[in-house]
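# Overview (structure and organization)
What follows is each chain in one-letter form.
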Amino acid sequence: QVQLVESGGGLVQAGGSLRLSCAASGSIFSINAMGWYRQAPGKQRELVAAITSGGSTNYADSVKGRFTISRDNAKNTVYLQMNSLKPEDTAVYYCAVKGLSTRDIFLRDYWGQGTQVTVSS
């Protein structure tokens, strides 16, 4: 089994910053893409940012220029630096990983438990 443990969420005022971390552990053989999704109340889950194993990144238009995704392959960890936060960034943020476990050869999606980010105006 592969587990994802997130940290770094919380309450911040508009214009502030937060840094989310997500560490993968367990029966990991290799990790391909890593990313962050978010889901606000009454809305669908949406991709916020993604990063490939080679370091290529992709961002939602709403966060470009404000959020930065990075990863530490040695630690199987992905980060999301969030600057200039806005009230509309309030959501539960989920870490997601596409990878192979040591137990079979099938690429799977793994999800973290979610961490709440609340931005007050």
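Residues numbered from 1 in each chain as written. Predicted model: local features only at pLDDT ≥ 70, side-chain atom pairs only at ≥ 80, totals over all residues. Heavy atoms only, no water.

This part takes up the overall build of the chain. What the chain contains, in helices and strands, is 0 helices and 11 strands. Here the C-alpha atoms of the chain give a radius of gyration of 14 Å, agreeing with the 14 Å that 2.2 N^0.38 yields for 121 residues. Oriented by its inertia axes, the alpha-carbon framework of the chain measures out at about 45 × 25 × 20 Å. Burial analysis of the chain (121 residues in total) assigns 42% to the buried set. Restricting the contact set of the chain to residue pairs at least 6 apart, pairs at least 24 apart contribute 56%. (Helix = DSSP H or I, 4+ residues; strand = E, 2+ residues; numbered from the N terminus. Rg over C-alpha atoms; globule rule 2.2 N^0.38 Å. Buried < 20%, exposed > 50% of the residue type's maximum accessible area, 1.4 Å probe, protein only. Contact = heavy atoms within 4.5 Å.)

Pairing is antiparallel across the open sheet formed by 4 strands, whose spatial order is β1-β3-β8-β7. Where the open sheet ends on each side, the last strands, each with one partner, are β1 (2-7) and β7 (67-72). Direction aside, neighbouring strands of the sheet carry axes that sit 15° apart on average. Where β1 lies against strand β3 (residues 18-26), 6 bridges are found, and the strand directions are antiparallel. Residue pairing in the sheet places S7 in a bridge with S21 of β3. (Pairing = 2+ DSSP bridges. Axes fitted to C-alpha atoms, helices over the stretch in contact; angles between N-to-C directions.)

Glancing now at the pattern of salt bridges. Inspection of the entire model under this criterion finds 6 salt bridges. E46 is the salt-bridge partner of R38, the closest N and O atoms lying 2.7 Å from each other. Given a relative accessible area of 6%, R38 falls into the buried group. With relative accessibility at 35%, the residue E46 sits in the partly exposed group. With its nearest N and O atoms 2.8 Å apart, the salt bridge here joins D89 to R66. One end of the pair, D89, is in the loop between β8 (77-82) and β9 (91-101); the other, R66, is in the loop between β6 (57-59) and β7, and 23 residues separate them in sequence. Residue R66 is classed as buried on the basis of its relative accessible area, which comes to 11%. (Salt bridge = Lys/Arg side-chain N within 4 Å of Asp/Glu carboxyl O.)

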